[in-house]
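If you want the building blocks of each chain, they are given just below.
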Amino acid sequence: MSFESAGYQLQPVLPELVLAVGAMVLLMVGAYRGVRTTGLVTVLSLVLLVVVGALELTLPAGKQVTFNGSFIVDDFARFMKILALIGSGATLVLSTEFLAEPSRRIFEYSILVLLSTLGMMILISAGDLIMLYLGLELMSLALYVVAASNRDDGKSTEAGLKYFVLGALSSGMLLYGASLIYGFTGTVSFVGIAAATKTSSIGIVFGIVFLLAGLCFKISAVPFHMWTPDVYEGAPTPVTAFFASAPKVAALAVFTRVALTAFPGITLQWQQIVVFVSIASMALGSFAAIGQKNIKRLMAYSSIGHMGFALVGLAAGTAEGAQGVLVYIAIYVAMTLGSFSVILAMKRNGQHVENISDFSGLSRTNPLLAFFFAMLLFSLAGVPPLAGFFAKWYVFSAAIKANLFALAVIGVVTSVVGAFYYLSIVKVMYFDEPLKELDPMRVELRAVLAIAGLFTIFFFAYPGPLVSVASAAAKSLF
C-alpha cells in the first residue's frame, strides 16, 4: 500500500519533518562537541526556523489534509505557524546574551525551543483530539525544562516545578474532557465531532468544559492563570519572553479551531464559557497588575488581560470574530517582544534590574529607549493610533455585531483600568528623578525593539496586508 493511498501524504507535514530532523541533528552536534557549540547551535537553530518558515510559505495554496484528517494545513494554520516561528526566532535572538555567560552555556536551550516550536506547529494543524494532545504535550514538556534552564537560580527551578505540576493537572483535565467527548460522539475527529453534535447533551457540555479548561491553562486565562505571575518572574527573562509570545499563539490557535470547527452546532454552549473566561481574564489582568512592583510580574498580568481581549473575538463565533483574534494575536506578539527587548536591556553595572522604579528618569538618560518603550506601553493600553488600538477595535466590533454588547462594554471599561498601570510606567520614565545610566543596549535587542516598535507605531498607515491575510485565514475555518 502506498503512502498516498493510505491517506499519508507527506507534503503538508514537510516543514514539521524538516524541523524535527534538524533539531535531532543539532542535538547530536551539541552532544558530540559539548558546550563549546552553544553559539553555533543557536545560530543554526535560527537559520532552521527561517528555512521552516520559507517551506511553510511555499506549500500549495488551499486546504490540505493528511494522516486521515488528523493534520490540517489551511490559511489559518499557515498564518499562526508563521507567527509562532517569528516568536520562537525572536526568542533565540533575545537569548544571545543569556547564553553567552559561561555558567549558562547550554546548547540544549536552543534545541528545546525548536522542539517546543515543533509541538506548536503540530498543535496549530491538529484535526483531531489525539493530534491536539500530542502537539500540546510536545510543546509543554520543552517549556517545563526551559523555565528551569537557569540551574543555579532557585527562583528559576521553582518556576519550572510550578509550571510542571500545574501543567500536568491541566493536561489531565484536557484528557478527561477529550475522553468524554469521544465517549458521547464516538469519534476524535473535529469534523466527526461537528457532525455528531448538532444538538448538545449534558455529557458533551461537560466534555467541552474540561477540554476548554485545559486550553485556558495554556493561554493563562482566568481561572487557570495562577502559574503565570510566579513563572514569568522566576524564569530567565528570555524564557519569559518566549512564554509570552509563541506558545500563546499556538494555544489560542487550537482554542479557536476547536471551538469553531468541532462544535459549530452548539455555539451557544461554548460561547457562555468563552464569555465568562474573557470577562474574568480582562478584569483580573487589569486590576491585579496595578499593585505590581516587578516589571515581569506586571507583564504576566498584562498577558492574562490580553488573552481575555483576544477571546472577545472568539466569543462572537463568526468569521469576523476569528479575524479579530488573528489580528489581535499578531499585534500582541509584536508588542510583547518589543517590551521584553526593553526589559532585557535594563542592566546597571552588568546586573539586570527588574523593578518598575528602576525605569526612573529613563527619558533623560536614554531618551530613544524611553520613547520606544512608551509607545509600546501606549499600544498595550490601546491608545490610538497605535497598533494596540486597532487590535481591540477588531475584536470589539466583532462582538458588537454578534450582539455581545455587555462583553464589548466590559472590555472597554477594563481597557481604561488597564491603561492606568501602563501609563504609570510612562510617568516613572518621564517625570521621576533619573537613576544611574543603563549599560549600553546590545545590538540584537536594538534590532528586535526597532522592528517591533516601528510596526506598532506605523501600523495605522498600512494595516491592509495583515488585515486581509487574517481575513482569508479566518474564512478558511468556515
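Residues numbered from 1 in each chain as written. Predicted model: local features only at pLDDT ≥ 70, side-chain atom pairs only at ≥ 80, totals over all residues. Heavy atoms only, no water.

**Topic: the overall build of the protein chain**
A tally of helices and strands in the protein chain yields 21 helices and four strands. Relative to a compact globule of 478 residues, whose C-alpha radius of gyration would be 23 Å, the protein chain shows 21 Å and is just as compact. Taken over the C-alpha atoms alone, the protein chain extends approximately 65 × 60 × 40 Å along its principal axes. Split into buried and exposed, the 478 residues of the protein chain put 60% on the buried side. The contacts in the protein chain between residues at least 6 apart in sequence include a share of 80% that link residues at least 24 apart. Just so you have it, the protein chain exposes about 17,800 Å², and 70% of that area is on carbon and sulfur atoms. Across the protein chain, the mean location of the 27 positive side-chain charges is 2 Å away from that of the 23 negative side-chain charges. (Helix = DSSP H or I, 4+ residues; strand = E, 2+ residues; numbered from the N terminus. Rg over C-alpha atoms; globule rule 2.2 N^0.38 Å. Buried < 20%, exposed > 50% of the residue type's maximum accessible area, 1.4 Å probe, protein only. Contact = heavy atoms within 4.5 Å. Areas by Shrake-Rupley, 256 points an atom, 1.4 Å probe, with all protein chains shown as cover. Lys, Arg positive; Asp, Glu negative; His and termini not counted. Charge placed at Lys NZ, Arg CZ, Asp CG, Glu CD.)

**Description of helix α5 (residues 108-124)**
Residues three or four positions apart in an α-helix share a direction because the helix packs 3.6 residues into each turn. Helix length check: α5 (17 residues) gives 24 Å between terminal C-alpha atoms against 24 Å at 1.5 Å per residue, within 8%. Taking burial as the measure, the 17 residues of α5 include 16 buried ones, the bulk of the element. (Expected span 1.5 Å × (residues − 1).)

**Re the packing of aromatic side chains**
Enumeration according to the criterion identifies 18 aromatic pairs in this entry. For the pair tyrosine 144 and phenylalanine 164, a centre-to-centre distance of 5.4 Å together with 85° between the ring planes defines the contact as edge-to-face. Of this pair, tyrosine 144 sits in helix α6 (residues 129-147) while phenylalanine 164 is found in helix α7 (residues 154-185), placing the two residues 20 residues apart along the sequence. With a relative accessible area of 7%, tyrosine 144 lands in the buried category. Taken together, a centroid distance of 5.2 Å and an interplanar angle of 55° make the contact between tyrosine 163 and phenylalanine 243 tilted. Of this pair, tyrosine 163 sits in helix α7 while phenylalanine 243 sits in helix α11 (residues 237-244); the two residues are 80 residues apart in sequence, bridging distant segments of the chain. What makes phenylalanine 243 buried here is its relative accessible area of 3%. One residue, lysine 392, lies across the ring of phenylalanine 309, its end atom 4.4 Å from the ring centre. (Phe/Tyr/Trp six-rings, centres within 6.5 Å; stacked < 30°, edge-to-face > 60°. Lys NZ or Arg CZ within 6 Å of the ring centre and 35° of its normal.)

**Some thoughts on the nonpolar core**
Ranked by internal contacts, the top residues of the largest apolar core, which has 168 residues, are Met80, Phe243 and Phe263. By residue number, the principal contributor to this core is helix α15 (residues 319-345), which donates 17 residues. (Core = buried A, V, L, I, M, F, W, Y, C linked by side-chain atoms within 4.5 Å.)

**Some points on the environment of leucine 180**
Tracing the sequence through the fold places leucine 180 in helix α7. Judged by its relative accessible area of 18%, leucine 180 is buried. Taking C-alpha positions, leucine 180 is 7.5 Å from phenylalanine 206, a pair spaced 26 residues apart along the chain. Leave out the neighbours within four places in its chain, and leucine 180 touches Gly203, Phe206, Gly207 and Phe210.

**Quick word on the side chain of serine 220**
Topologically, serine 220 is positioned in the loop between α9 (202-218) and α10 (228-234). Here the side chain of serine 220 touches threonine 228 through a polar contact of 3.4 Å, side chain to side chain. Polar side-chain contacts of serine 220 include one of 3.1 Å to the side chain of lysine 248. The contact partners of serine 220, leaving out residues within four places of it in the chain, are His225, Trp227, Thr228, Lys248 and Ile304. (Polar contact = N/O pair within 3.5 Å; in protein donor to acceptor, adjacent residues only side chain to side chain.)

**Some thoughts on unusual backbone geometry**
With an omega dihedral of 10°, the bond running from valine 222 to proline 223 counts as a cis peptide bond. On the secondary structure map, proline 223 appears in the loop between α9 and α10. Put simply, proline 384 and proline 385 share a cis peptide bond, and its omega is 0°. On the secondary structure map, proline 385 appears in the loop between α17 (367-381) and α18 (387-401). In this structure, phenylalanine 67 takes a positive phi of about 55° despite not being glycine. Structurally, phenylalanine 67 is set in the loop between β1 (64-66) and β2 (71-73). A relative accessible area of 26% places phenylalanine 67 in the partly exposed class. For asparagine 403, which is not a glycine, the phi torsion comes out positive at approximately 65°.

**So, the UniProt feature "domain: NADH:quinone oxidoreductase/Mrp antiporter transmembrane" (unreviewed entry) in the protein chain**
Summarizing the sequence annotation, UniProt attributes the feature "domain: NADH:quinone oxidoreductase/Mrp antiporter transmembrane" (unreviewed entry) to residues 126-417 in the numbering used throughout. Along residues 126-417 the backbone is 77% helical and 1% strand, and the end-to-end C-alpha distance reaches 37 Å. (UniProt positions renumbered as here; feature names shortened; annotations may be inferred.)

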